[in-house]
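Structural features, examined
The lines below spell out each chain.
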Amino acid sequence: MLIVGALVVLAAGLWYLIGGGGERVAFELRLVELAAERGVDAEAIAADDPIRKVDGIFVRTWRIDFPNRSARDGFLGDLELESAARKTQLGVENDLGSEVVRLRLDHDTEAFDLRLGLVEATPAAPPTAAPPTPKPSPTPRPQPAPDARGRLAILLDDVGQKLDLVPAAAALPKEVGFAILPFLPKSAESAEALYGAGHEIWLHLPMEPENFPANNPGPGAILMSMSTNQLRAAVHDALDNIPHAIGVNNHMGSKVTADLRTMTWIMQELKIRDMAFIDSRTTTRTVAEDAAAGQGVPTNRRHVFLDNQRDRAAIRRQLEEAVRRCRLEGEIIAIGHLDRMTIEVLAKELPGIARRGADLVKPSRLVR
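Attention in this report is confined to the structure presented alongside it. This structure is a prediction, so every number in the text was calculated from the model and none was measured. (Residues numbered from 1 in each chain as written. Predicted model: local features only at pLDDT ≥ 70, side-chain atom pairs only at ≥ 80, totals over all residues. Heavy atoms only, no water.)

**A word on the environment of leucine 260**
Filter applied, for reference: Under the scheme used here, helices are H or I runs from DSSP no shorter than 4 residues and strands are E runs no shorter than 2 residues, and both carry numbers assigned from the N terminus. When a residue's accessible area, from a 1.4 Å probe over protein chains only, is under 20% of the maximum for its type it is buried; when over 50% it is exposed; and in between it is partly exposed. Here a residue-residue contact requires only that any non-hydrogen atoms of the pair lie within 4.5 Å.
Within the fold, leucine 260 resides in helix H7 (residues 260–272). Take leucine 260: its relative accessible area is 45%, and that puts it in the partly exposed class. What leucine 260 contacts, discounting residues up to four positions off in sequence, is Val287 and Ala291.

This is the structure in structure tokens:
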């Protein structure tokens, strides 16, 4: 109804234009101009085809074909604005949604019969199914050459709470090293037993983690709140508690190992005792290796965790990953825990590991 009303107003303006010869020509030009603005080519306009006289009135018939309904609707809106300016009157002879919309403009002895059609649409191509989105394939892991060999060191930590697993651990190949927590009920006794069986002993030095004190690293821990003297004394006390220790790796320590000043103080104490340091890498922000290199302390890092998943199949997979990487990269340090499953998997797998291209060595052989 709003469109019809607007078109009625438009008719008055159009009729005003056709009342005299000069105004009629001006309207015709404007009609062509408005159609062109809506994408109508000159070939799509049939003007004065035909001119006929009906009951004494000359009726001029115009056919304009628009490229689409949107263009035609826009043209009707343009005519509405023109009608407001020219005070014409417009009659709509059929439904505005029809394929051809007919508009009638009448004044005295002359009228316009406007037929607004649509260009026949090109049939749309039948929809085709979109090709399936290819599933991303994982980048293949690099593989070592068939005859490649590498050196693999294994360090098992968290030793010292109990002695029940120490006999089985001591029976592992002598290249496996053990990192022992200080100030636990069986710390010194575990160190003596494992050293006596030919294994390397390392101090598993507790250090403050990010979520301390909710996650407590245990007795003898290095804390960020310590003064320089307190920290140095704590390092010496922990080393004195573990007989036969040749080096240190960190227990927890995500906060401490990310602090260069604190790690430098620790490395200075290790340098005095001619100790090495293996970074367990409990945070990606660790600066432990930088601090060690700065103080001349032999160092390396953990490359593979063997038993974050306490499952035999998972431990075997991680051990296989350590073998693959040592053959590919030349040297790898794998860290695990004094855990029954870990010991059982290692006892079964390590005797044949050389046939798979990994030469088992003590951890001290891989620090620089």
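There is more to say after this.
**Comments concerning the packing of aromatic side chains**
Note the following rule: A pair of Phe, Tyr and Trp rings is counted when the ring centres sit within 6.5 Å of each other, with Trp represented by its six-membered ring. The angle between the planes then sorts it: under 30 degrees is stacked, over 60 is edge-to-face, the rest tilted. Two conditions define a charge located above a ring, namely a distance within 6 Å from the ring centre to NZ of Lys or CZ of Arg, and an angle within 35 degrees of the ring normal.
Following the criterion strictly, the structure yields 1 aromatic pair and no others. The interplanar angle of 50 degrees and the centroid separation of 4.9 Å between the aromatic rings of phenylalanine 66 and phenylalanine 75 together place this pair among those described as tilted. Both residues of the pair, phenylalanine 66 and phenylalanine 75, count as buried. A cation over an aromatic ring shows up here: arginine 302 above the ring of phenylalanine 305, its NZ or CZ 4.1 Å from the ring centre.

**Some words on the pattern of salt bridges**
As a reminder, the rule being used: For this analysis, a salt bridge means a side-chain nitrogen from Lys or Arg found within 4 Å of a carboxyl oxygen belonging to Asp or Glu.
One pass over the full model with this rule turns up 21 salt bridges. One salt bridge connects arginine 232 with glutamate 269, and the closest N-O pair in it is separated by 2.3 Å. With arginine 232 in helix H6 (residues 228–241) and glutamate 269 in helix H7, this residue pair connects regions lying 37 residues apart in the sequence. Residue glutamate 269 is classed as buried on the basis of its relative accessible area, which comes to 4%. With its nearest N and O atoms 2.8 Å apart, the salt bridge here joins glutamate 289 to arginine 301. Taken together, the positions of glutamate 289 in helix H8 (residues 288–295) and arginine 301 in strand S12 (residues 299–301) put the pair 12 residues apart, joining distant regions of the chain. Sharing partners across several salt bridges, the network here consists of Arg102, Asp113 and Arg115.

**What about the environment of valine 166?**
Checked against the element boundaries, valine 166 lands in helix H4 (residues 166–170). In this structure valine 166 comes out as buried when scored by relative accessible area, which is 6%. For the pair formed by valine 166 and isoleucine 343, sequence separation is 177 residues and the distance between their alpha carbons is 9.9 Å.

**Structural notes on the nonpolar core**
Convention followed: The definition of a nonpolar core used throughout is a set of buried Ala, Val, Leu, Ile, Met, Phe, Trp, Tyr and Cys residues joined through side-chain atoms within 4.5 Å.
In terms of nonpolar packing, the biggest core is built from 56 residues, with Leu152, Ile154, Met263 and Leu270 touching the most fellow members. Ignoring anything within four residues of it in the chain, the contact list for methionine 263 reads Met207, Val256, Thr257, Phe277, Val287, Ala288 and Ala291. Within the second largest apolar cluster, 20 residues are counted, among which are Ala44, Trp62, Ile64 and Leu96.

**A closer look at unusual backbone geometry**
Trans peptide bonds make up most of the peptide bonds, and negative phi angles are found at most residues other than glycine. Residue proline 213 is reached from phenylalanine 212 by a cis peptide bond, and omega for that bond is 5 degrees. Along the chain, proline 213 falls in the loop between strand S9 (201–207) and H6. If you check the backbone angles, aspartate 158 has positive phi at about 70 degrees while not being a glycine. Inspection of the secondary structure puts aspartate 158 in strand S7 (residues 150–159). The backbone phi angle of methionine 252 is positive, close to 60 degrees, even though this residue is not glycine. Along the chain, methionine 252 falls in strand S10 (residues 245–252). Overall, methionine 252 belongs to the partly exposed group, its relative accessible area being 22%.

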